[in-house]
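What follows is the residue order along each chain.
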Amino acid sequence: MKTLITTVFLFTLLLSCTSKMDFHHNKIIAHRGAWKNLDLPQNSLASLERAVELGCEGSEFDVWMTADSVLVVNHDADFEGLIIEESTYEQLLSKKHNNGESIATVEEYLKKGMEQTTTKLIFEIKPSKISTERSEYIAEKSVRTVQDLNAEKWVDYITFSYEGGLRAIALDPTANVAYLSGDKSPAALKDAGFFGFDYNIKLLRQKPEWIKEAQALGLTVNAWTVNNKEDMQWLLQQNVDFITTDEPEMLFNLINE
């Protein structure tokens with residue numbers, strides 16, 4: 001009976017939360033959270049909280065899978081010297097971020113992000129260095145975790161793994177999945193069912209026509225990692241959908257000007 005009451009309470013709370021969602025629309029995606037200005041650990045819960053506090057449209061985070069199939073949040077392939085794909089989650093817990101946080105599991109990170117309804121969670125599915133098949137499995141496990149937590153409204157996906165992206169789309173055709181690698185044209189991404197692209201600013205400078213092509217096809221346009229005012233201003237002039245940056249405060253100031 002107690003379990004039933006708890007389940008009903010949580011479901012009611014989720015319905016209340018999702019009915020009041022009002023995500024920001026300001027183009028600003030904090031890269032690995034908003035970490036730089038306050039010297040917070042990248043991809044930490046603290047950097048996520050800072051991105052929410054600033055009012056960013058999205059906070060990006062990177063996901064790997066441990067040797068014992070636990071999804072964790074970290075940018076590099078190693079965490080404090082331990083190779084994530086070759087280490088168990090318990091082994092990773094022997095290390096800490098410099099603010100004392102342990103490496104977050106995806107479940108912990110998503111639950112923290114779901115405590116608010118203004119900043120989207122930009123879920124980067126990192127490609128496995130072991131095999132393409134493992135990349136596809138990581139994508140599958142990622143989508144299943146989001147679905148199990150009913151976190152779909154909070155989450156957009158990005159990935160360098162084309163195969164992983166296709167797997168995510170197949171599992172949830174309603175999911176927003178953008179491609180990062182820069183080797184696919186807007187038309188190819190549209191045909192494959194992607195939501196948009198998230199390409200390096202240098203590539204978009206070389207191929208600005210891809211921005212217009214994507215927009216004409218109804219795809220979203222994002223650029224990474226944009227840390228100087230000239231590039232920010234150029235992208236704003238192109239009316240891109242999102243700008244991923246380590247300098248969200250700078251971009252806020254530029255937009256407000």
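Residues numbered from 1 in each chain as written. Predicted model: local features only at pLDDT ≥ 70, side-chain atom pairs only at ≥ 80, totals over all residues. Heavy atoms only, no water.

Draft legend 1. Molecular detail of the overall build of the chain. What the chain contains, in helices and strands, is 11 helices and 11 strands. Relative to the compact-globule value of 18 Å for 257 residues, the chain shows a C-alpha radius of gyration of 18 Å, a close match. Projected onto the principal axes, the alpha-carbon positions of the chain cover approximately 55 × 40 × 35 Å. Across the 257 residues in the chain, those meeting the buried criterion constitute 51%. Considering only contacts within the chain whose residues lie at least 6 apart along the sequence, 57% involve residues at least 24 apart. Of the roughly 12100 Å² of accessible surface on the chain, 50% is carried by carbon and sulfur atoms. In the chain, which carries 25 positive and 39 negative side-chain charges, the distance between the mean positions of the two groups comes to 2 Å. (Helix = DSSP H or I, 4+ residues; strand = E, 2+ residues; numbered from the N terminus. Rg over C-alpha atoms; globule rule 2.2 N^0.38 Å. Buried < 20%, exposed > 50% of the residue type's maximum accessible area, 1.4 Å probe, protein only. Contact = heavy atoms within 4.5 Å. Areas by Shrake-Rupley, 256 points an atom, 1.4 Å probe, with all protein chains shown as cover. Lys, Arg positive; Asp, Glu negative; His and termini not counted. Charge placed at Lys NZ, Arg CZ, Asp CG, Glu CD.)

Draft legend 2. Seen up close, the pairing of strand 2 (residues 58-65). Along strand 2, 8 of the 8 residues are buried, which leaves the element largely enclosed by surrounding structure. Where burial is concerned, the two faces of strand 2 agree: the one with Gly58, Glu60, Asp62 and Trp64 and the one with Ser59, Phe61, Val63 and Met65 are both buried. Relative to strand 2, strand 1 (residues 28-30) is paired through 2 bridges, and the arrangement is parallel. Bridged to alanine 30 within strand 2 is serine 59. (Pairing = 2+ DSSP bridges.)

Draft legend 3. Examining helix 5 (residues 132-148) more closely. Relative to the 24 Å expected for 17 residues at 1.5 Å per residue, helix 5 spans 24 Å between its end C-alpha atoms, a close match to the ideal helical length. For helix 5, every residue scored as buried is listed here: Arg134, Ser135, Ile138, Ala139, Ser142, Val143, Thr145 and Val146. Where helix 5 is buried, its residues touch strand 2, strand 3 (71-73), helix 4 (106-113), strand 6 (120-125), strand 7 (155-159) and helix 6 (162-171). Asparagine 150 sits one or two residues past helix 5 and shows a positive phi near 55 degrees. (Expected span 1.5 Å × (residues − 1).)

Draft legend 4. Broad picture of helix 2 (residues 45-54). Taken as a whole, helix 2 has its buried residues at Ala46, Ser47, Leu48, Arg50 and Ala51. Looking one or two places after helix 2, you find glycine 55, whose phi comes out positive at around 90 degrees.

Draft legend 5. Structural context of the side chain of histidine 97. Counting through the fold element by element, histidine 97 comes out in the loop between helix 3 (89-92) and helix 4. Residues in contact with histidine 97, not counting those within four places in the same chain, are Pro41, Gln42, Ser44, Asn74, Phe79, Ser102 and Ile103.

Draft legend 6. Main features of the side chain of glutamine 116. Tracing the backbone through its elements, the reader meets glutamine 116 in the loop between helix 4 and strand 6. There is a polar contact of 2.7 Å between the side chain of glutamine 116 and the backbone nitrogen of threonine 119. Setting aside anything within four residues of it in sequence, one finds glutamine 116 in contact with Val52, Leu121 and Trp154. (Polar contact = N/O pair within 3.5 Å; in protein donor to acceptor, adjacent residues only side chain to side chain.)

Draft legend 7. Region of interest: the nonpolar core. Counting 58 residues, the largest nonpolar core has Leu110, Phe123, Val155, Tyr157, Leu204 and Leu235 as the members making the most contacts within it. In contact with phenylalanine 123, other than residues within four places in its own chain, are Phe61, Val63, Val106, Leu110, Ser142, Val146, Val155, Asp156, Tyr157 and Ile158. In this structure, Trp64, Phe79, Tyr89 and Ile103 belong to the second largest nonpolar core, which totals 8 residues. (Core = buried A, V, L, I, M, F, W, Y, C linked by side-chain atoms within 4.5 Å.)

Draft legend 8. Representation of the environment of isoleucine 138. Assignment of secondary structure puts isoleucine 138 in helix 5. A C-alpha to C-alpha distance of 20 Å links isoleucine 138 and glycine 113, two positions 25 residues apart in sequence.

Draft legend 9. How the structure looks around the packing of helix 10 (residues 229-237) against helix 11 (residues 248-256). At their nearest, the axes of helix 10 and helix 11 sit 11 Å apart, and the two run at 50 degrees to each other. Judged on the interaxial angle alone, helix 11 and helix 10 are oblique. You can see that helix 10 and helix 11 cross each other, and the crossing is right-handed. Contacts from Lys229, Met232, Gln233 and Leu236 of helix 10 reach helix 11 at Met250, Leu251, Leu254 and Ile255. Residues that form the contact of helix 10 with helix 11 fall into these classes: 6 nonpolar, 1 polar and 1 charged. (Axes fitted to C-alpha atoms, helices over the stretch in contact; angles between N-to-C directions. Parallel < 35°, antiparallel > 145°, perpendicular 65-115°, else oblique. Left-handed = near helix turned anticlockwise from the far one by under 90°. Nonpolar A, V, L, I, M, F, W, Y, C, P; charged D, E, K, R; others polar.)

Draft legend 10. Fine view of the pattern of salt bridges. All chains considered together, the criterion is met by 12 salt bridges. Note that lysine 120 and aspartate 156 form a salt bridge whose closest N and O atoms lie 3.3 Å from each other. Residue lysine 120 is found in strand 6, and its partner aspartate 156 is found in strand 7; the two are separated by 36 residues along the sequence. In this structure, lysine 120 and aspartate 156 share a single accessibility class: buried. Residues glutamate 230 and arginine 205 are paired through a salt bridge, measuring 4.0 Å at the closest nitrogen-oxygen approach. Of this pair, glutamate 230 sits in helix 10 while arginine 205 sits in helix 8 (residues 201-206); the two residues are 25 residues apart in sequence, bridging distant segments of the chain. Through salt bridges with shared partners, one network takes in Glu49, Lys112 and Glu115. (Salt bridge = Lys/Arg side-chain N within 4 Å of Asp/Glu carboxyl O.)

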